[in-house]
Amino acid sequence: MLTIYAIPHSLYCAKLRIALRHKQLEWKEELPPGGVGSDHFRSIIPSGNIPTLNDGGFILGDSEAIIEYLEEAHPDNSLMPENPRHRAKYREMSRFHDTRLEPVLRQFFPLVDPANRDQSQIGAATIAMNARLAQLDAMLSGFDHVTLRLFDCGYPITFIWLRAITDRLGGAVQWPENVVAYDRWLRSTHAVSEEIAHYMPHVEDWLASKLGASQ
Ligand SMILES: N[C@@H](CCC(=O)N[C@@H](CS)C(=O)NCC(=O)O)C(=O)O
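Residues numbered from 1 in each chain as written. Predicted model: local features only at pLDDT ≥ 70, side-chain atom pairs only at ≥ 80, totals over all residues. Heavy atoms only, no water.

Chemist: I would appreciate a short explanation of the sheet that holds strand β3 (residues 52-55) in the present structure.
Modeler: The strands making up a sheet associate through backbone hydrogen bonding, with each pair oriented either parallel or antiparallel. In space, the four strands of this open sheet follow the order β2-β1-β3-β4, with mixed pairing throughout. At either end of the open sheet lies a strand with only one pairing partner, and these are β2 (27-30) and β4 (58-61). Strand-to-strand twist in this sheet, taken as the mean axis angle between neighbours without regard to direction, amounts to 25°. Where β3 meets β4, four bridges bridge the pair, whose relative direction is antiparallel. Paired with N54 across the bridge in β4 is I59. (Pairing = 2+ DSSP bridges. Helix = DSSP H or I, 4+ residues; strand = E, 2+ residues; numbered from the N terminus. Axes fitted to C-alpha atoms, helices over the stretch in contact; angles between N-to-C directions.)

The structure is reproduced here in structure tokens:
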């Protein structure tokens, strides 16, 4: 069986589970041996990346690399189309999530703790996020939403965190029309709705650990 080294609140582990659920693969999860960032875990995977896959001794880090490997090793319930240009566009959308949108979400995480709350930093992160969401809105206009695709695995989890955090922090994140419709469609798919049911308590636990009584 596939083993995933994961931690409960990791966004990229949730992204990977959406692909596993869609592809109807069985897996088990373990905490990273030796702990996050430990020498022992880095002896298994030098980058220390979470998630990391262990497929019968074949070790692979990075959610995107893992999903592409699973797609090739287990082609059923595919997340990729045949056409090379469509495949390339799926990868472009997925990388936009991992390298452009989600890194802006990360700017919000340290600001959740009331001790670190800084309105000017919340404002700067909000401006950066609105710019990325506007770009995503334009990019989405080229896609119909029919069945789950490679790039659909990361976005729903980033949207969950963004709503949960900005509900608490305030700020003025603007959700463009195509993004709202996309989020609604993602939640209607079985893989995303199952993952949200599993993952949401971990999001709430993380927020409670940062917000304490001020929640
Ligand atoms: N691009 C990577 C990002 C994964 C990532 O940022 N993982 C965090 C946890 S959510 C991590 O590895 N933290 C531990 C570390 O950096 O040592 C992926 O898609 O797997």
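Chemist: I'm lost on the environment of A19 in this one. Help?
Modeler: For A19, the location among the structural elements is in helix α1 (residues 11-22). On the basis of relative accessible area, A19 is assigned to the buried category, the value being 1%. Remark: the alpha-carbon pair of A19 and P75, spanning 56 residues in sequence, is separated by 12 Å. In this view, A19 contacts I67, L79 and C153; residues no more than four positions away in its chain are not counted. (Buried < 20%, exposed > 50% of the residue type's maximum accessible area, 1.4 Å probe, protein only. Contact = heavy atoms within 4.5 Å.)

Chemist: Would you mind showing me how to read the side chain of D137 here?
Modeler: Here D137 is to be found in helix α5 (residues 119-140). It turns out D137 is buried and unbridged, and the closest side chain with the opposite charge, R184, is 11 Å from it. Not counting residues up to four positions away in its chain, the partners in contact with D137 are P176, E177, N178 and V179. (Lys, Arg positive; Asp, Glu negative; His and termini not counted. Salt bridge = Lys/Arg side-chain N within 4 Å of Asp/Glu carboxyl O.)

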